[in-house]
Structures are given as C-alpha cells and as structure tokens.
Amino acid sequence: MRHLPVSGQEGRNELRKIAVRFEEKIYTGATSQSDYLRKISLKMLTMETKAQTALANNLPSNSVGNSKNPPDPV
C-alpha cells in the first residue's frame, strides 16, 4: 500500500489521478455492469481489510487490552 501526502491541492490532485486510473482499469476489465460492480466492491473490501490489519499491527501491544500481565503500579 502506498502512503501519499494527502494535504493541500497537490495531494488531492494525486489522489484524483490514482482514483481515475483505478476506475479505468476496473471498467476496461469488466465484462458487464454487474462484473464491474463486483470488482469495485471486492477491491474496496480488500483495501479496507488491509487498512484494518495495518492499524491493528501498528498498535502498541499493551493497548490491545488482553495483556496477561497486570499494569505496573504508578
């Protein structure tokens, strides 16, 4: 997964270019409207799953809440 600077006009323009390329690729590869919608939906679901996995992997281990060790006394 690419990480892009999404701030400002330059970031929005870059995201728009990526979205257009993605949509064109799906559109030209689809054999019907239902195939197009299926491919778009599958790709979105895959991207969401990858984002959630990446987020979970980046959490510190003690923030998950199921640590077997009690917290250190303050």
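Structure first, text after, so check above.
This text gives an overview of the structure that appears in the document.

Criteria and thresholds
Residues numbered from 1 in each chain as written. Predicted model: local features only at pLDDT ≥ 70, side-chain atom pairs only at ≥ 80, totals over all residues. Heavy atoms only, no water. Phe/Tyr/Trp six-rings, centres within 6.5 Å; stacked < 30°, edge-to-face > 60°. Helix = DSSP H or I, 4+ residues; strand = E, 2+ residues; numbered from the N terminus. Expected span 1.5 Å × (residues − 1). Buried < 20%, exposed > 50% of the residue type's maximum accessible area, 1.4 Å probe, protein only. Contact = heavy atoms within 4.5 Å. Polar contact = N/O pair within 3.5 Å; in protein donor to acceptor, adjacent residues only side chain to side chain. Salt bridge = Lys/Arg side-chain N within 4 Å of Asp/Glu carboxyl O.

1. Concerning the packing of aromatic side chains
And step 1. Evaluation of the coordinates by the stated rule reveals 1 aromatic pair.
And step 2. Considering the side-chain rings of Tyr27 and Tyr36, the 6.1 Å spacing of their centres and the 80° angle between planes classify their relative orientation as edge-to-face.

2. Regarding helix H2 (residues 33-58)
And step 1. Taking 1.5 Å per residue as the helical rise, H2 with its 26 residues ought to reach 38 Å, and the 38 Å between its terminal C-alpha atoms agrees with that figure.
And step 2. Where H2 is concerned, the buried positions are Asp35, Tyr36 and Ile40.
And step 3. In this structure, the buried residues of H2 make contact with helix H1 (8-29).

3. Here we look at the side chain of Asp35
And step 1. Inspection of the secondary structure assignment puts Asp35 in helix H2.
And step 2. A distance of 2.9 Å separates a polar side-chain atom of Asp35 from the backbone nitrogen of Thr31.
And step 3. Excluding its chain neighbours within four sequence positions, the residues that come into contact with Asp35 are Gly29 and Ala30.

4. Comments concerning the pattern of salt bridges
And step 1. Counted according to the given criterion, the structure contains 2 salt bridges.
And step 2. In this structure, the salt-bridge partner of Asp35 is Arg38, at a minimum N-O distance of 2.8 Å. In this pair, Asp35 and Arg38 both sit in helix H2, 3 residues apart, roughly one turn of the helix.
And step 3. When the shortest N-O distance is used, the salt bridge between Asp35 and Lys39 registers 3.5 Å. Of this pair, Asp35 and Lys39 both sit in helix H2, 4 residues apart, which is roughly one turn of the helix.
And step 4. What makes Lys39 partly exposed here is its relative accessible area of 25%.
And step 5. Each of Asp35, Arg38 and Lys39 takes part in salt bridges that share partners, so that together they form one network.

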